[in-house]
Amino acid sequence: MNAEALASLLPVAPRPAAEERLSSWLSRVAEIYGMSANALLAHFRLAGFSALKLEQGLSPGQGALIATRAGLSARTIDNMTFAALAPHARFMIAPSARYFCPRCAQTPAIGRKDAALPWTFWCSVHGVRLWARDKRPVESFLPDSVLERLDPLARRGAARLAAWAEERDAVGEIDPPTVAELLRFLTTPYRRPSPPSLAEQPRLSLEARRANHAFLTRPIVRQALLVVAPEYDRFAPVLAKPVRPGLAALACGSLLQNYALAVGVARLTENPVEHAAAALAAADAEGETILRRILRTWPSATRRRIGVELRRLTDAQPAGKAPRRRRLQRSSINYARVPQISARLVP
């Protein structure tokens, strides 16, 4: 290292933590010198660039400028970025942690890459289950027995979502439908919006029912996700059930919603015929028309098998009777004590 390079080195530059993202590391370094991350980047001759923008992918020259002044290798700097994500998936990178790791919270200044991505439900460093931003664990929504059954599906769905984001989704290339098509199907309404059913409503006194009339009569969007992941339909707070359409469902979803979407992606990947037919069988006339429009992008052979399975489901029902739906348990929470019921029901 020559004299000029030595003179440009920062006196102190901590090494990145495991899976730390570039914006987190730059903020930690900047704090040592009492400056902002943007001011530190200007010192690195990267004025005009934000840490969040740079971590989406550095050019070789940008990485070398930071590495030279920090006394690190360019590869170490690059490993803190999301360069592995394809351009079509980078809009899903959250500016801060989406979810909450109780063990990472012991060092809150460190932000990890996986915590910024919507398909991560376990901390890659500590292996523990992540919590929602309000520090509520998934166990507060789904019983342990249900999680035990769904966790393997969530892991497989998350693995396919990650593969799609890094353009290595062999399943979608060899055996469509793609991840984007699956999410379109899951987030498409299969029935018209309807108010919370009796099974979805909490136990309320007559006075509380009158006070919360707007909630009890508010139409809720009913999407195919509720059929493909009936556990989510059963246990999710009623106002939290609807998700945004398509890929935006992941980008803007809560921990519970994205967990359910990962389960739905896994089920549709492993058995698209059975689950797509079930959604069609449960749909009303308008919903069936919309779902069939979504299915037009699926392979014709798969659509034919879905048609066969749908006829089997329809023929199994008595004439004029709608397909049987599982019974839902009424919520056991007494929301009469909660002044703002809407705020409580959204995770």
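Look above for the structure.
Residues numbered from 1 in each chain as written. Predicted model: local features only at pLDDT ≥ 70, side-chain atom pairs only at ≥ 80, totals over all residues. Heavy atoms only, no water.

**Some remarks on helix 16 (residues 272-282)**
Here is step 1: Of all 11 residues making up helix 16, nine are buried, and the element is well covered by its neighbours.
Here is step 2: Within helix 16 the residues assigned to the buried category are Pro272, Val273, His275, Ala276, Ala277, Ala279, Leu280, Ala281 and Ala282.
Here is step 3: Close packing links the buried residues of helix 16 with helix 9 (179-186), strand 1 (189-194), helix 12 (225-228), helix 15 (255-270), helix 17 (285-295) and helix 18 (300-315). (Buried < 20%, exposed > 50% of the residue type's maximum accessible area, 1.4 Å probe, protein only. Helix = DSSP H or I, 4+ residues; strand = E, 2+ residues; numbered from the N terminus. Contact = heavy atoms within 4.5 Å.)

**Points about unusual backbone geometry**
Here is step 1: Positive phi, normally seen in glycine, also occurs at Glu19, with a value near 60 degrees.
Here is step 2: With respect to the helices, strands and loops of the structure, Glu19 is situated in the loop between helix 1 (3-8) and helix 2 (22-32).
Here is step 3: The backbone phi angle of Lys135 is positive, close to 65 degrees, even though this residue is not glycine.
Here is step 4: In this fold, Lys135 is placed in the loop between helix 6 (74-78) and helix 7 (144-165).
Here is step 5: Taking relative accessible area as the criterion, Lys135 reaches 51% and is therefore assigned exposed.

**Examining the pattern of salt bridges**
Here is step 1: This model, assessed by the stated rule, comprises 15 salt bridges.
Here is step 2: Note that Arg149 and Glu231 form a salt bridge whose closest N and O atoms lie 3.7 Å from each other. With Arg149 in helix 7 and Glu231 in helix 13 (residues 230-235), the pair connects residues that are 82 residues apart, well separated along the chain.
Here is step 3: Close ionic contact of Glu200 with Lys241 constitutes a salt bridge, the shortest N to O distance being 2.5 Å. Placement of Glu200 in the loop between strand 1 and strand 2 (202-203) and of Lys241 in the loop between helix 13 and helix 14 (248-252) is noted, with a sequence separation of 41 residues between them.
Here is step 4: According to the relative accessible area criterion, Lys241 is buried, its value standing at 2%.
Here is step 5: When salt bridges that share partners are traced, they join Glu200, Arg222, Asp233 and Lys241 into one network. (Salt bridge = Lys/Arg side-chain N within 4 Å of Asp/Glu carboxyl O.)

Everything listed here is a matter of geometry and, on its own, says nothing about what the molecule does.
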